[in-house]
Amino acid sequence: MDRGGGGGGSELHNNQFYQCEENKPLLGEMSEGNNNTKTAGPCKRSVHHCGGGGMRYKLLHEGDIQVCALKHPRTFLSKILTSKFLRRWEPHHLSLLDGSLTSATPTGYMETPLSYSTIEDLQLLSWDNAPKYCVQLSVPGGTVLLQAANSYLRDQWFHSLQWKKKIYKYRKVLNNPSRWDVVLKEIRALVDMALSSPLQDDSIHQAPLHIISTLLAENSSLSPQDHENIIVAIAPLLENNHPPPDLCEFFCKHCRERPRSMVVIEVFTPVVQRILKHNMDFGKCPRLRLFTQEYILALNELNAGMEVVKKFVHSMHGPTGQCPHPRVLPNLVAVCLAAIYSCYEEFINSRDNSPSLKEIRNGCQQLNDRKPPLPLRLLPAQAPPPAPSNPAPTIPISTPPSLPLSPPPSVVNSSEILVELERNNNSANAKRNADPSGGNGEPNLIDCLLVSPAVNTLSIQLPAQADRVLGCFALILKMLSDYDDWRPALASLLQPIPFPKELEKSFCLGRELKYVIQRFAEDPRQEVHSCLLSVRSGKDGWFQLYSPGGVACDDDGELFASMVHILMGSCYKTKKFLLSLAENKLGPCMLLALRGNQTMVEILCLMLEYNIIENKDTQLQIISTLESTQVGRRMYEQLCDRQRELKELQRKGGPTRLTLPSKSTDADLARLLSSGSFGNLENLSLAFTNVTSACAEQLIKLPSLKQLNLWSTQFGDAGLRLLSEHLACLQVLNLCETPVTDAGLLALSSMKSLCSLNMNSTKLTADTYEDLKAKLPNLKEVDVRYTEAW
């Protein structure tokens, strides 16, 4: 008996440190006392002591162990434990679930699960005559002993059970909060318990965060001060852990509502830095990305604005020339692109009827509950749409477009955008079938929309908040491009293929990204400027999108010329690159050369020297383009000195067919026609250029002209009157989508040679149409669709 009594005292003495964790206050126990008292300090020291000099354990979720259950009065416990005749031991495979301790074979002592709420006490048995390596669970009316194979496993079971029991209690008491001042103390105690636990497992810090995030999700009507107090309380857990999704929503709300709070700088900054520095799959963790976006926007709301954001980006890169964290750049780019995309989310969803990020966050509704796609509406470009860039094949004028461009407003809301093309499918098919040119006819409107950038200045009216978002994250992309070590990876990440076309036509490929693309074009490293080209065939790259006539070009081709210059000077095969330019970008190259760009003049000379262009008319047009400027004339003369064939080609006369590049002006046409002999020119296409009636002064100098294409230009009545007086041999004339009226169209009655006339989408009236038919006996093909005469 004396030995039993001594054993009980030894038990108390040896386990006093393990019981300190049980003495932490729960919700009901902390209703009194000083609110500023921190209870974590003593418990930290006790657990550190009981952990065996810093011993760390992995949290157990299941394992094999021997189980013995004793039923007895608590006053005789020490005598029974020291008895030589303990009951039998049963082997069990136990699982530590969230609410109970359960056996894989529910028989014997573990026939029913042992709830953590029924465990009154949890101790270690370590005196001489007690069973070795045992953990004692005190339950009502008895004791359950768990015997491990060694002392380490025993301690591992002890700490794991203790953790599960405490988490179960905190989850239960925080599920029904009453006073938030008391709840805040409980949260601090929970955080201290997680920080002081000897267990080393991801769930040790994640479980308290999930409990707190659930608490916040179920109690959304908290005051801003409560928000800040809770965030400060859980800040130590966030130093080495990502916040769970619900907690991210809470953080996002705080950033939106109180962007100037010091919590954003002091607490959220290390959290966001950790997110960006680690390998992050934002596809699986979209709320972490949203939180990062809201944090950056909150920084932008401070007095210093983007200077604070710039300092944050610099802190992520580091002071040295090389960023030590390889994941920072791709994570930052992913955050920026997602933020930019979200500004156009409503528009894109109205186009393809896909769920928005908000719907994804809230659980996407059923397909049959979703709204039907909105009707689509075309916005006309401010400037006429460009023609195909290759001037060699001209466009026959007899076939009109299948649908005209009506003049809706230049800016619409994002909820009512895109193109209404309900009528053009049948008419397009019929027109293709009736086209005698075998598919080489004038493209219909659908082809123009899909192939050529006919709506390259499509304008989407965004809310003011969306504009601020665009400005903020676009500036971050500019900052990223200023770091030399980041630029190669940034160039490979910022390929235009993932961008929706709506972004290409409005923000992404406009002025905001132009600085970034310019930095790529100026970089001499091939791994950087090679990303300007398309990734794969059929997909435009920055090189194509910023060319004259491209959806992003707003500088008359200056950036395009700099791209060509750096690409020609790199290690690309020159002839192969010239072939690609001749096939896809000959028009822009000729237009820039016509305006005196030296790089483009060199390009055209090389095309002639390497016999890249086989069409004789196109060669003659290139020669005329070169002779139109002083630098071009000088370089062409040097080329002719090396090749006699070019001189012979020039002596044979000018071309018979000519297509002016898109975006050409009256001055460009005048410069070109004055540079060489065009007495043999029979077919001239000015479609999709910026020419006006003023160019008629140059056109009347072409005596052999028989076919003239003025589709989608600003050519008006004054020019028609001049043409009718001088071009009596004109046979085919396309005035589709020009601003001509009856006053100018009546002048065409004197052009008796006209056999094909396209007045589609003009202001033609029925009376004028009848008059023209009577006075033009040779007129066989005429298009008056979408006019009053239709």
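Residues numbered from 1 in each chain as written. Predicted model: local features only at pLDDT ≥ 70, side-chain atom pairs only at ≥ 80, totals over all residues. Heavy atoms only, no water.

## Digging into the overall build of the chain
Each helix and strand in the chain was counted, giving 34 helices and 15 strands. Of the contacts formed within the chain by residues at least 6 apart in sequence, a portion of 71% connects residues at least 24 apart. In the structure as shown, the chain presents an accessible area of about 35,800 Å², 50% of it carried by carbon and sulfur atoms. (Helix = DSSP H or I, 4+ residues; strand = E, 2+ residues; numbered from the N terminus. Contact = heavy atoms within 4.5 Å. Areas by Shrake-Rupley, 256 points an atom, 1.4 Å probe, with all protein chains shown as cover.)

## Topic: a nonpolar patch on the surface
Taken together, the side chains of Met-55, Tyr-152 and Leu-153 present a nonpolar region at the surface, about 230 Å² in accessible area. With respect to the element layout, Tyr-152 can be found in helix H4 (residues 151-173). In this structure Tyr-152 comes out as partly exposed when scored by relative accessible area, which is 34%. (Patch = residues over 30% accessible without salt bridge, like charges linked within 9 Å, V, L, I, M, F, W, Y side chains within 5 Å. Salt bridge = Lys/Arg side-chain N within 4 Å of Asp/Glu carboxyl O. Buried < 20%, exposed > 50% of the residue type's maximum accessible area, 1.4 Å probe, protein only.)

## Some points on the pairing of strand S3 (residues 100-103)
Where a strand is regular, its side chains alternate between the two sheet faces. Both faces of S3 are covered, namely the face carrying Ser-100 and Thr-102 and the face carrying Leu-101 and Ser-103. Hairpin connection between strand S2 (residues 90-96) and S3: a loop of three residues separates the two successive antiparallel strands. Where S3 meets strand S4 (residues 114-115), two bridges bridge the pair, whose relative direction is antiparallel. Each bridged residue has a counterpart across the sheet, and for Ser-100 the counterpart in S4 is Ser-115. (Pairing = 2+ DSSP bridges.)

## Observations concerning the sheet that holds strand S10 (residues 657-659)
In a beta sheet, neighbouring strands pair by backbone hydrogen bonds and run either parallel or antiparallel. With parallel pairing, six strands are arranged side by side in an open sheet as S10-S11-S12-S13-S14-S15. Looking at strand neighbours, the two that pair on one side only are S10 and strand S15 (781-783), the edges of this open sheet. Adjacent strand axes in the sheet meet at a mean angle of 5 degrees, parallel and antiparallel pairs treated alike. Taken together, the three bridges between strand S14 (residues 756-758) and S15 define a ladder with parallel strand orientation. The residue bridging Asn-758 from the neighbouring strand is Asp-783, located in S15. (Axes fitted to C-alpha atoms, helices over the stretch in contact; angles between N-to-C directions.)

## Quick word on the sheet that holds S3
The strand order S4-S3-S2-S1-S7-S6-S5 describes an open sheet built from seven strands, whose pairing is antiparallel. Edge positions in the sheet fall to S4 and strand S5 (121-125), since each has one partner strand and no second. Relative to S2, strand S1 (residues 62-71) runs antiparallel, the two being bridged by six bridges. The partner of Ile-65 across the bridge, within S2, is His-92. On top of the sheet, H4 reaches S1, S2, S3, S4, S5, strand S6 (134-139) and strand S7 (142-147); it is set at about 170 degrees to S5, its chief contact.

## A look at the pattern of salt bridges
Taken as a whole, this structure holds 18 salt bridges when the rule is applied. Asp-155 is paired through a salt bridge with Arg-154; the nearest N and O atoms lie 3.1 Å apart. Judged by its relative accessible area of 10%, Asp-155 is buried. Taking the relative accessible area as the measure of exposure, Arg-154 reaches 13% and is therefore buried. Arg-525 is the salt-bridge partner of Asp-523, the closest N and O atoms lying 2.8 Å from each other. Given a relative accessible area of 3%, Asp-523 falls into the buried group. Since its relative accessible area comes to 28%, Arg-525 is described here as partly exposed.

## Some remarks on the nonpolar core
In terms of nonpolar packing, the biggest core is built from 135 residues, with Phe-268, Phe-291, Phe-473, Leu-480 and Met-607 touching the most fellow members. In terms of domain composition, this core takes at least three residues from each of domain 2 (178-350) and domain 3 (571-647). (Core = buried A, V, L, I, M, F, W, Y, C linked by side-chain atoms within 4.5 Å. Domains from an automatic or database assignment.)

## A look at the packing of aromatic side chains
Following the criterion strictly, the structure yields 13 aromatic pairs and no others. Judged by centre distance (5.0 Å) and plane angle (35 degrees), the rings of Tyr-57 and Tyr-152 are tilted. Taken together, the positions of Tyr-57 in the loop between helix H2 (40-50) and S1 and Tyr-152 in helix H4 put the pair 95 residues apart, joining distant regions of the chain. Seen in terms of ring centroids, Phe-688 and Trp-711 are 4.6 Å apart; in terms of plane orientation they differ by 55 degrees. Their pairing is tilted. Pair noted here: Phe-688 is in the loop between strand S11 (683-685) and helix H31 (696-699) and Trp-711 is in the loop between strand S12 (707-709) and helix H32 (717-726), with a separation of 23 residues, a long-range link. Residues Phe-688 and Trp-711 agree in their burial class; the two are buried. Put simply, the rings of Phe-250, Phe-251, Phe-268 and Phe-291 pair up and form one aromatic cluster. When the ring centre of Tyr-109 is taken as origin, the NZ or CZ atom of Arg-88, which lies over that ring, is 5.2 Å away. (Phe/Tyr/Trp six-rings, centres within 6.5 Å; stacked < 30°, edge-to-face > 60°. Lys NZ or Arg CZ within 6 Å of the ring centre and 35° of its normal.)

## Notes on helix H28 (residues 630-642)
The terminal C-alpha atoms of H28 lie 19 Å apart, and with 13 residues this matches the ideal 18 Å at 1.5 Å per residue to within 8%. Here H28 starts with a cap whose side-chain oxygen sits 3.2 Å from the backbone nitrogen of Gly-632, and that cap is Thr-629. (Expected span 1.5 Å × (residues − 1). Polar contact = N/O pair within 3.5 Å; in protein donor to acceptor, adjacent residues only side chain to side chain.)

## Quick look at the confidence of the model for the chain
Looking at the chain as a whole, its pLDDT mean stands at 76, while 72% of the residues score no less than 70. Confidence drops under a pLDDT of 50 for residues 1-53, and excluding neighbours within four residues, the segment shows 79 contacts in the predicted structure. Counted against residues more than four places away or in other chains, residues 356-458, with its pLDDT under 50, gives 213 contacts. (pLDDT = per-residue confidence, 0-100.)

## With respect to helix H20 (residues 511-522)
In this model, H20 (12 residues) spans 17 Å end to end at C-alpha, consistent with the 16 Å of a helix rising 1.5 Å per residue. Among all positions in H20, only Glu-512, Leu-513, Val-516, Ile-517, Phe-520 and Ala-521 are buried. One face of H20 carries all of its buried residues, which in axial projection span an arc of 145 degrees. Where H20 is buried, its residues contact helix H17 (464-481), helix H18 (487-493), helix H21 (526-529), helix H22 (542-545) and helix H23 (558-568). (Arc of directions from axis to C-beta.)

## Structural notes on the side chain of Gln-544
Relative to the helices and strands, Gln-544 resides in helix H22. In this structure the side chain of Gln-544 is engaged in a polar contact, spanning 2.7 Å, whose partner is the backbone nitrogen of Gly-541. Sequence-distant contacts of Gln-544, defined by excluding residues within four places in its chain, comprise Ser-534, Gly-550 and Lys-585.

## Focus on unusual backbone geometry
A positive phi is found at Asp-556, a non-glycine position, where the angle reads about 60 degrees. For Asp-556, the position within the fold is in the loop between H22 and H23. In this structure, Phe-688 takes a positive phi of about 65 degrees despite not being glycine.

## A closer look at the pairing of S6
Most of S6 is tucked away: six of the six residues are buried. With burial as the criterion, each face of S6 is covered, one bearing Cys-134, Gln-136 and Ser-138 and the other bearing Val-135, Leu-137 and Val-139. Of the pairings in the sheet, the one linking S5 to S6 comprises five bridges and is antiparallel in character. The residue bridging Asp-121 from the neighbouring strand is Ser-138, located in S6. Hairpin connection between S6 and S7: a loop of two residues separates the two successive antiparallel strands, and Gly-141 in this loop has a positive phi of roughly 85 degrees.

## Considering the packing of helix H5 (residues 180-196) against helix H7 (residues 224-238)
At their nearest, the axes of H5 and H7 sit 9 Å apart, and the two run at 5 degrees to each other. With respect to H7, the axis of H5 lies roughly parallel. On H7, the residues touching Trp-180, Leu-184, Ile-187, Arg-188, Val-191, Ala-194 and Leu-195 of H5 are Asn-229, Ile-230, Ala-233, Ile-234, Pro-236 and Leu-237. Split by residue class, the contact of H5 with H7 holds 11 nonpolar, one polar and one charged. (Parallel < 35°, antiparallel > 145°, perpendicular 65-115°, else oblique. Nonpolar A, V, L, I, M, F, W, Y, C, P; charged D, E, K, R; others polar.)

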